[in-house]
Amino acid sequence: MTAPTAGGRVVAPLTWRVARLVERRVETATAQTLVLDVPGWPGHLPGQHVDLRLTAADGYQAARSYSLAGPAQGERIEVTVQRVTDGEVSPYLIDTYAEGDPVEVRGPVGGWFVWQTDGTEPVLLVAGGSGVVPLMAMIRARRAAGSRTPFRLIYSVRTADDVIYADELRRRARDDQGLDVAYVYTRRAPEGWRGEPHRIGLADVNSHGWPPALEPLCYVCGPTGFVETAADLLVGLGHPTRRVRTERFGPTG
Amino acid sequence: MSPGFQGRPRSSAPDLPPGQYLTEDFPVLSAGPTPRVALDTWEFVLTSETGAEHRWSWDELMRLPQDTPTVDLHCVTRWSKLGTTWQGVSLDTLFDGVDTDARYALAHSYGGYTTNLPLDDLRGGRAWVVHTYDGGPLPAEHGGPARLLVPHLYLWKSAKWVRGIRLLVDDRPGFWETAGYHDYGDPWREQRYQGD
């Protein structure tokens, strides 16, 4: 079989592979990380995503896209699933899907919202809620590659209980040189946090981001309204639009 | 098979391509910040393969015959939205008087986005430059002031913030196509990624 060509590119078709659940980690009351074993997994870049596909007994199929949460470890990948109220796929993955069960995986997908581990420009990550997932993949890939590239993460969450990867972020902010983590709480701030709960604003991005003169790469991921706001703030501060990469998620199941 | 997976109770939805689910709201997906384009500087440019340019200002576009298509939208991320209503100018109107032997088109946007389509898919009453959604001005996050609307292909082909179309003798992949998405993108054949 010849690989299809398009515009001079030689590309292999993305195939569905049968993966199995090997481990599950509870992250928050509504989010869990699934560790999947995917025979033949070709590897991926931090920021890329996969499609997961479920098949019911009557043949009905439902597929959704999930960001990869970390660099591949051999044929193991991780996704973090946030429960969507009235969702079709996420409640199954959180409540029913069991160790050893199959799920079909296709990927990796996406080549724009990615960070190259040999990059040296400062990086600003701006996460809203479960938008932290592909950004955490970048933080973990940075660590795995031994990169010293300066990273800053601004993470907007409702309350401290909603922080995904809370323990690991605390540890990495302490141990990973050149990684700063700042939080914005929108509903309830933990004790000792300075300031009132608020939605992300100019002061947050200005205080915890990089000045445009340092020419950082900015990655913004979260719900549509959050991304619109954060990306507009960055552009307003003078970051060139081409250096502000966004990933928005709307309703998915 | 996924043990214990039943899926959502399914009503018959004959208008839904395979792998899609219905949504009532209007999700936003784009790769960068939303461009803000002032109407007095907005323009739309058709460039033929010989380099001949056909330009329309906002006022000129508004003076052209207007269509009001009601169409279904299908996003590659699997949501579909049925029966959306728009107003805009048919590409047939814009191509009227454009002399070309090109077979391909590359739409380009304010903000730098590009996407490729066969030229035939932009003609024959199947594509528009739209400026009005659901009775009001098209919001910037959905591509306003004007976007391409090619509802028979996945929505990434309906370039938001459209600025022009370049006619090409040879196909040239656009932004998402270079990143692994399909060159054509027919939702009914689930042409999501290269090789599908």
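Conventions we followed
Residues numbered from 1 in each chain as written. Chains lettered and ligands numbered in written order. Predicted model: local features only at pLDDT ≥ 70, side-chain atom pairs only at ≥ 80, totals over all residues. Heavy atoms only, no water. Pairing = 2+ DSSP bridges. Helix = DSSP H or I, 4+ residues; strand = E, 2+ residues; numbered from the N terminus. Axes fitted to C-alpha atoms, helices over the stretch in contact; angles between N-to-C directions. Salt bridge = Lys/Arg side-chain N within 4 Å of Asp/Glu carboxyl O. Buried < 20%, exposed > 50% of the residue type's maximum accessible area, 1.4 Å probe, protein only. Polar contact = N/O pair within 3.5 Å; in protein donor to acceptor, adjacent residues only side chain to side chain. Contact = heavy atoms within 4.5 Å. Arc of directions from axis to C-beta. pLDDT = per-residue confidence, 0-100. Phe/Tyr/Trp six-rings, centres within 6.5 Å; stacked < 30°, edge-to-face > 60°.

J.: Go over the sheet that holds strand 8 (residues 102–109) of chain A, please, and point to the residues and values.
T.: All names here are of chain A. On the basis of which strands lie adjacent, the open sheet formed by 6 strands has the order 6-5-8-3-4-7 and antiparallel pairing. Looking along the sheet, the strands with just one partner apiece sit at the ends: strand 6 (61–67) and strand 7 (76–82). For this sheet, the mean angle separating the axes of adjacent strands, direction not counted, is 40°.

J.: Quick one: what's the story with the pattern of salt bridges, residue by residue and with numbers?
T.: All names here are of chain A. Inspection of the entire model under this criterion finds 28 salt bridges over all chains. Arg172 is the partner of Asp176 in a salt bridge, and the nearest nitrogen-oxygen pair spans 3.4 Å. Of the residues examined, Asp176 reaches a relative accessible area of 5% and is grouped as buried. Members of the salt-bridge network, linked through shared partners, are Glu23, Arg25, Glu27, Glu78, Arg140, Arg143, Glu168, Arg172 and Asp176.

J.: Just give me the short version of the side chain of His131(B), but keep the residues and values in it.
T.: All names here are of chain B. You can see His131 is positioned in strand 8 (residues 128–133). Among the polar contacts made by the side chain of His131, one reaches the side chain of Gln66 at a distance of 2.7 Å. Each residue touching His131, except ones within four places of it in the same chain, is listed here: Trp58, Leu61, Met62, Gln66, Gln87, Gly88, Gly136, Pro137, Leu138, Pro145 and Ala146.

J.: So, helix 3 (residues 166–175) of chain A: which residues are in play, and what are the values?
T.: All names here are of chain A. If you check which residues of helix 3 are buried, you get Glu168, Leu169 and Arg172. Buried residues of helix 3, seen end-on, are gathered within an arc of 100° and therefore sit on one face of the element. Set apart from the buried face of helix 3 by more than 90 degrees, the exposed residues are Asp167, Arg170 and Arg174. The inward-facing, buried residues of helix 3 abut helix 2 (132–144), strand 10 (151–157) and strand 11 (179–185).

J.: Give me the confidence of the model for chain B: which residues, what numbers.
T.: For chain B, mean pLDDT is 93; residues scoring 70 or higher make up 97% of the total. Per the prediction output, this complex has pTM 0.88; the corresponding ipTM is 0.80.

J.: Outline the packing of aromatic side chains, supporting the account with residue identities and numerical values.
T.: Taken as a whole and assessed by the stated rule, the structure comprises 18 aromatic pairs over all chains. Judged by centre distance (5.3 Å) and plane angle (75°), the rings of Tyr92(A) and Phe5(B) are edge-to-face. Here Tyr92(A), found in helix 1 (residues 90–95), pairs with Phe5(B), found in the segment before strand 1 (21–22), and the two come from separate chains. Residue Tyr92(A) is classed as buried on the basis of its relative accessible area, which comes to 5%. Given a relative accessible area of 4%, Phe5(B) falls into the buried group. Plain terms: the ring middles of Tyr113(B) and Phe175(B) are 5.8 Å apart, the flat faces sit at 50° to each other, and that makes the pair tilted. Here Tyr113(B) is found in the loop between strand 6 (104–109) and strand 7 (114–118), whereas its partner Phe175(B) is found in helix 3 (residues 175–178), with 62 residues between them in sequence.

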